[in-house]
Amino acid sequence: MPESIPAFCKTVRAYWVFYLMMLPAGLVLIVNNYIPMFGVIIAFKNINYAKGIFQSPWIGFQNFKFLFSTESAWIITRNTICYNAVFIVLNLLIAVAFAMMFNEMRSRFLSKFHQSTMFLPFFLSMIVVSYLVYAFLGQDHGFLNTVVFPKLRIEPIEWYSEPKYWPLILPIVNVWKNIGYYTVIYMAAMLGIDNEYYEAALIDGASKWQQIKNITIPLIVPVMIVMTLLQIGKIFYADFGLFFQVTRNAGALYPATQVIDTYVYQTFLSMGDIGMSSAAGLFQSVIGFILVLGSNLIVRRISKENALF
């Protein structure tokens, strides 16, 4: 018997109360996250609803080919990766900047008020957001086309027919909706910094920028790395509501707005093949898992203390 097994048993015996407290959450994790993983076999089968999942014939990697054998394969992969890369960078930089500004505000009331105001869009559904965006960009009744552009003597723009504008519009909408969430996380990290660091820096004559550069940023780097790694793991996943609802699923915008998730959804609607949809989901999960491991390995080589694991 390996020595680690008796040691583990002694640990369980010594801290059995904590393991008992952990048991409900562990059961929920197993039931909701691990048992359903057996469903990945759907991605390798030609599902026959009459025969059921287990009796359906195996077809190997045939379901994966539809993602790479069409003309849209490069477009949807490019859009998914590029948009998510931009979202990761913007959410990091802008959220950290806002968190620093709120942290430096003298009035705690105004700081909390601004945080709450920025956090509000995070709770709005994408359907509501899509109508808000349409209220601005609508062709006949949109605020920009009917109010702003006439005053600036600019011709109305058919926003939902011009793909070239959406690589800018979508990141703006994403940042507006999610920036409050990330700001609160980085604010919480900054509030955990001991004030003695800043007091010592003031005694040494450090400016505010020097305090931010040498104290604040280095001490919240672990949180920044964890949040970035978690987002990198979902870089092959797109916010379905953002790319489907906000764009109103306009076919003219597909070259700039279609991503893997919307493509799979439309393919499933037209073909009704859950095997293909499952293959796409498995592909996204495996690639995301590999990216997290690779990114974490790079972080460990640079700074072992800041690695996620």
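Here's what I pulled together on the structure shown here. Within each chain, residues carry numbers counting from 1 in the order of the written sequence. In keeping with the model being predicted, local features are shown solely for residues with a pLDDT of at least 70 and side-chain atom pairs are shown and tallied solely at 80 or more, while totals for entire chains, interfaces and linings include all residues. Each side-chain value is worked out from all heavy atoms of the structure, with water and hydrogens disregarded.

**Re the packing of aromatic side chains**
Move 1: Paired rings are identified among Phe, Tyr and Trp, the last through its six-membered ring, by centres lying within 6.5 Å, and are further divided according to the angle between planes into stacked (under 30 degrees), edge-to-face (over 60) and tilted (the rest). Tallied over the entire structure, the rule returns 22 aromatic pairs.
Move 2: Relative to Tyr181, the ring of Phe122 lies with its centre 4.9 Å away and its plane at 10°, an arrangement referred to as stacked. One end of the pair, Phe122, is in the loop between helix H5 (108-119) and helix H6 (126-137); the other, Tyr181, is in helix H8 (residues 166-191), and 59 residues separate them in sequence.
Move 3: Only protein chains enter the calculation, and the probe is 1.4 Å; a residue is then buried if its accessible area is under 20% of its type maximum, exposed if over 50%, and partly exposed in between. On the accessibility criterion, Phe122 (28% relative accessible area) is partly exposed.
Move 4: With centroids separated by 5.6 Å and ring planes inclined at 50°, the aromatic side chains of Tyr134 and Tyr160 adopt a geometry described as tilted. Remark: Tyr160 occurs in the loop between helix H7 (143-152) and H8 and Tyr134 occurs in helix H6; sequence separation between them is 26 residues.
Move 5: The exposure class assigned to Tyr160 is buried, which follows from its relative accessible area of 13%.
Move 6: Three or more aromatic residues link up through ring pairs in this structure, and these residues are Phe119, Phe122, Phe123, Tyr181 and Tyr182.
Move 7: A ring is considered to have a charge above it if a Lys NZ or an Arg CZ atom is located within 6 Å of its centre and within 35 degrees of its normal. The ring of Phe122 has Lys177 lying over it, and the distance from NZ or CZ to the ring centre is 5.6 Å. The numbering of helices and of strands both runs from the N terminus, where a helix is a DSSP run of H or I of at least 4 residues and a strand a run of E of at least 2.

**Notes on the nonpolar core**
Move 1: Counting residues in hydrophobic clusters, the biggest one holds 23 residues, and the most contacted among them are Leu137, Trp159, Trp166, Leu242, Phe243 and Val246.
Move 2: Within the second largest apolar cluster, 22 residues are counted, among which are Ala189, Ile212, Met224 and Met227. As used here, the term nonpolar core means buried Ala, Val, Leu, Ile, Met, Phe, Trp, Tyr and Cys residues forming a set that is joined through side-chain atoms within 4.5 Å.

**Description of the side chain of Thr228**
Move 1: Within the secondary structure, Thr228 sits in helix H10 (residues 208-232).
Move 2: Residue Thr228 is classed as buried on the basis of its relative accessible area of 19%.
Move 3: The criterion used for residue contact is that any of the two residues' heavy atoms lie within 4.5 Å. Excluding residues within four positions of it along the chain, Thr228 makes contact with Ile88 and Leu92.

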